[in-house]
Amino acid sequence: MNQISPLAYVHPEAKLGKDNIIGPFCYIDRNTVIGDGNNLQNSVTINYGARIGNGNEILAGASISTKPQDLKFVGEDTLCEIGDNNSIRENVTISRGTASKGVTIVGSNNLLMENMHIAHDCVIGSNVIIGNSTKFAGEVIVDDFAIVSAAVLCHQFCRIGGYVMVQGGSRFSQDIPPYVIVGKDPVRFAGINLVGLRRRGFSNELIDLIHNAYRLLYSKGLMAEGIQEIRNNLQVTKEIQYIIDFVESSKRGIVR
């Protein structure tokens, strides 16, 4: 049975699963679907187009599936999909999609800290940590297990690779390849995310292989030459192939 505060508003067309807690002053709009076992604390807004999974904790002031902050948006019917077991902290805002992709996606088991923003058509993976007041512009992609610290500003269309650590206060407009630390001003490559990789069970041999891949990649003036050096000199495991595919598919270029 759902526990819905008498001070909350739930649109009669909203679809709720079971065992949800809807706190006082929450607002749940029409064309919304909420799964099972979610805990919406006070003053949470679930806007039109939200699709929320199971076991999420959404804290005070958060607003999910907000109208995109994009002048090209003209009211098209779009979605915002949230997975399972996320912790969405105070005053987080997540916009729904636009005609560009039609949906904003947030995976599962993420921690989205206070006052951060995910804009329209972003795709956030799973097991991601995003720090306080960080802002993602439209159509940003964040791969699984990335950690983005506080007060980071990410330009639209950028991609952040898996297992990275982005230092607090960074600003960037290029892609961040997997397994690395980036930071400073202007933002640049600052080494392999050694601690993060060890915590995720990467062996010393694999970490050394990743380190050598980036040594070769950044040793050349052209990324294509660096990629060829990797292919010629290193064992191409799935992790190395991930780096190669990421760099070769990058449209904005990677941080140097």
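### Quick word on the packing of helix H3 (residues 223-233) against helix H4 (residues 238-249)
Here comes step 1: Packing of H3 against H4 brings their axes to within 11 Å, and their N-to-C directions diverge by 165 degrees. Relative to H4, H3 is oriented roughly antiparallel. Of the two elements, H3 crosses H4, and the hand of that crossing is left-handed. Here Met-223, Ile-227, Ile-230 and Arg-231 of H3 come into contact with H4, specifically with Ile-240, Ile-244, Val-247 and Glu-248.
Here comes step 2: When its residues are assigned to classes, the contact of H3 with H4 shows 6 nonpolar, no polar and 2 charged.

### Comments concerning the pairing of strand E11 (residues 63-66)
Here comes step 1: Looking at chain direction, strand E8 (residues 45-46) and E11 are connected through 2 bridges and run parallel. By the bridge assignment for E11, Thr-45 is matched with Ser-63.
Here comes step 2: Of the strand pairs in this sheet, E11 and strand E14 (residues 93-95) are connected by 3 bridges, and their pairing is parallel. When the bridges of E14 are listed, Thr-66 appears paired with Ser-95.

### Description of the sheet that holds E14
Here comes step 1: Strand order across the open sheet formed by 9 strands is E2-E5-E8-E11-E14-E17-E20-E23-E26, with parallel pairing between neighbours. Only two strands of the sheet have a single partner each, and these edge strands are strand E2 (9-10) and strand E26 (171-172).
Here comes step 2: Here E2 pairs with strand E5 (residues 27-28) via 2 bridges, running parallel. Note on E5: the bridge partner recorded for Val-10 is Ile-28.

So, how was this worked out
Residues numbered from 1 in each chain as written. Predicted model: local features only at pLDDT ≥ 70, side-chain atom pairs only at ≥ 80, totals over all residues. Heavy atoms only, no water. Axes fitted to C-alpha atoms, helices over the stretch in contact; angles between N-to-C directions. Helix = DSSP H or I, 4+ residues; strand = E, 2+ residues; numbered from the N terminus. Parallel < 35°, antiparallel > 145°, perpendicular 65-115°, else oblique. Left-handed = near helix turned anticlockwise from the far one by under 90°. Contact = heavy atoms within 4.5 Å. Nonpolar A, V, L, I, M, F, W, Y, C, P; charged D, E, K, R; others polar. Pairing = 2+ DSSP bridges.

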